[in-house]
Structure formats: C-alpha cells, structure tokens
Amino acid sequence: HGQRCLAVAGTHGKTTTSTLLSHLFTDSGEGCSAFLGGISKNYGSNLLTHGNDVIVAEADEFDRSFLQLFPEIAVITSMDADHLDIYGDEAHIREAFKAFASQVSGSVIVKHGLDITEHDTKARICTYAYGDSNADFYAEPTEYGHFNLHYPGGVIEDCVVGIPGWVNIENGVAASAIALTYGLDPEKIKKALASFSGVKRRFDMQVNMDGLVYIDDYAHHPNEIAAAISSIRGKYPEYRYTAIFQPHLYTRTRDFAEEFAQALNNVDRLILLDIYPAREEPIPGVTSEIIFKDITAPSKILLKKEELLDYLKEQELGDKEIFITLGAGDIDRLVGPIAEL
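Note that the structure is predicted; figures quoted are calculated from it, not measured.

A.B. asks: What am I meant to see in the overall build of the protein here?
C.D. replies: Check the secondary structure of the protein and you find ten helices and 16 strands. Since a compact globule built from 341 residues should have a radius of gyration of about 20 Å, the 20 Å found for the protein is in line with a globular shape. If one aligns the C-alpha atoms of the protein with their principal axes, the spans along those axes are about 55 × 45 × 35 Å. Total accessible area on the protein is roughly 14,600 Å²; 48% of this is exposed by carbon and sulfur atoms. Each charge class in the protein was averaged separately, 29 positive and 51 negative side chains, and the resulting centres sit 2 Å apart.

As structure tokens, this is what we get:
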C-alpha cells in the first residue's frame, strides 16, 4: 500500500531483467527495494532495500503467484508454454498473463508480438524489441554489442550492456523501458546499463581467456537454451562449442524432448547428464535418452553427473573452445570444479 510496484513477468528473462532494473534505479541514485530470483553480481545479494516507495518485483507465473501483484508499471517478456504440470496447456498460461496485465494500473510493456490487447487491461500498452523498429522501445544494433536505444521521447545513443549476448540487450531494453516510463534520466540509464555485471548462473562468464571460454547458464527450457547458444555464437563465431546439459524435471523433459534436441543440435559436442528430478517422482520411460536419441550434433555422449569431471579431464583442448553448462538442477555444484579445471 502506497508503494509503487514495478514488475517483470514472463516465462524467460525475468531474473536478469528485474536485477538490471533494480541496478538502473540503484546506480542512478533514485533507489528501490527489490527481492530478486538470483544473486546480483553488482550487489552480492538477491535483496536490495531502500527507504523510498519503489519496489522492483520479479512476477513469477509458477503456480500463478504473480496474480497477487498490482503493479504501476510491468513488463511481460514472453508467454511460452512451461509449467504444464500446473497449467495444463498454453491457453491457460496466456489466460494467466492476461489476468496479470489486467492488474497493472499505469503501463504494461510487452515484448513486440505478444497477444496482450486493450481487451485485457486498462493500462497503457507499449511494446519493446531487439532490432524491430515497429516497437515503441527498441535496440538498433550498431557494432557488435553496441546499440542505439529508441524510445517514444527520443534516442539514447551508443548504449552497451555490461554482459554479452543479444538476449541481454533485449533484457536491457525491457528494463530501460520501465525506467524511462517511470521517469529516470536517460544518461543515467545509459551509464547503469554499461556497469551491470549480471546475475549468478544467468549467462555467467566463469572463464574468459584467449581461446578458452566457459559460461554457466540456468537455461532449462528449449527456447532459453537456443537463445543462450545463439547469443554467444555472435561473439565467438570461430569456436568449437561444447554444451553440458542437465535436464530439469521429468515432466518438462517429456513435454519438450523434441524441442530440447533441436535446441541442443546447434553445438559441436553435447554432453547430456541424467534428469534432475527436483520435486518429482520418476516417470516410466522418461530419461535423458528421449532427448539423446534425436541429437544430430557431430559428437554426443550420455554421462552420469559423477562421471563428468573425469571425462572432461581426458579431453584434448583445441585452439578455440567454448564450454557452456546448462540447467536449473544441481549442476551448479560442478561449476566451480569445471572452471578450476
């Protein structure tokens, strides 16, 4: 009550976008309180507190908890099928996002192309995009990693986001759209975008040496995996890509096996681990094998998590190698040892 809630919803990009938004407010001196879904590398915490009335919230669609929020300004990054164990089908997911939009009082800023209309909300609807000039807020890429940020009031020229990948520029546009709508100073936004150092386990650069790069990412949905891989391809086109993926949940593996295989086929070498069950009981016939059988990448191997480090120790490194660990399970315990290796 009496607080101004700025919310970030969507099936992907929530944590990075909300962490970036709270950095824009903190770095600009405006300040905010935030409870984030990951550890901000700028602040070493997932909790920021500030005496003013601005609250940045990550609005989670899992079990419909985001319907408890009544934001002044909100972003919706995506409305993909996920959590089908809760929602049943994609139509129910879209319905929940439309209900969320109806609770926004000021502006709802949706990724260009998403189906949110004036029938769904009384709030003003704006759009954002990476590279699409039909959106109200968009990044116009200039040289690699640099972009001009167009918004209804003008252009912020030569912006850069402190972490690599076009996905993070898109997240930067979403966060900036909220900040500009709120009234933050454009030059302060530009400065804060450049000093953003990311979120632990979100496109997290662990090793960055000449010819050897290791990135860890929480991606656990086929679209996130495809985006993570294509995001780094732009920066390191000549490298050999090795992805290490630990599927998360039996239901999600079953529902998206084919899509996971398609996303993972874009690497040179795939190391696939067993499914991380999290809250679930095993489902007969659902193992990593149902993804593995459709993998057409040049090299593939199925391993238990315990076998991974020994396997990696035996591999010969070429001149230009990228390793990326993917998954939302306990693969995070191996990140330190892999980086060390």
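A.B. asks: When you look at the packing of aromatic side chains in this model, what are you seeing that I'm missing?
C.D. replies: Describing an aromatic ring pair means giving the distance of the ring centres and the angle of the ring planes. The full count for this structure, using the stated rule, is six aromatic pairs. Relative to Tyr182, the ring of Phe25 has its centre 4.8 Å away and its plane inclined at 70°; by these criteria the two rings are edge-to-face. With Phe25 in helix 1 (residues 14-27) and Tyr182 in helix 4 (residues 166-182), this pair connects stretches of sequence that are 157 residues apart. In terms of burial, Phe25 and Tyr182 fall into one category: buried.

A.B. asks: Sorry if this is basic, but what is going on with the pairing of strand 12 (residues 212-217) here?
C.D. replies: Working note: regular strand, side chains alternate between the two faces of the sheet. Counting buried positions over the six residues of strand 12 gives five, a clear majority of the element. With five bridges joining them, strand 11 (residues 204-209) and strand 12 adopt antiparallel strand pairing. Across the sheet, Asp204 pairs through a bridge with Asp216, a residue of strand 12. In terms of strand pairing, strand 12 meets strand 16 (residues 321-326) through six bridges, oriented parallel.

Each value, and the rule that gives it
- Residues numbered from 1 in each chain as written.
- Predicted model: local features only at pLDDT ≥ 70, side-chain atom pairs only at ≥ 80, totals over all residues.
- Heavy atoms only, no water.
- Helix = DSSP H or I, 4+ residues; strand = E, 2+ residues; numbered from the N terminus.
- Rg over C-alpha atoms; globule rule 2.2 N^0.38 Å.
- Areas by Shrake-Rupley, 256 points an atom, 1.4 Å probe, with all protein chains shown as cover.
- Lys, Arg positive; Asp, Glu negative; His and termini not counted.
- Charge placed at Lys NZ, Arg CZ, Asp CG, Glu CD.
- Phe/Tyr/Trp six-rings, centres within 6.5 Å; stacked < 30°, edge-to-face > 60°.
- Buried < 20%, exposed > 50% of the residue type's maximum accessible area, 1.4 Å probe, protein only.
- Pairing = 2+ DSSP bridges.

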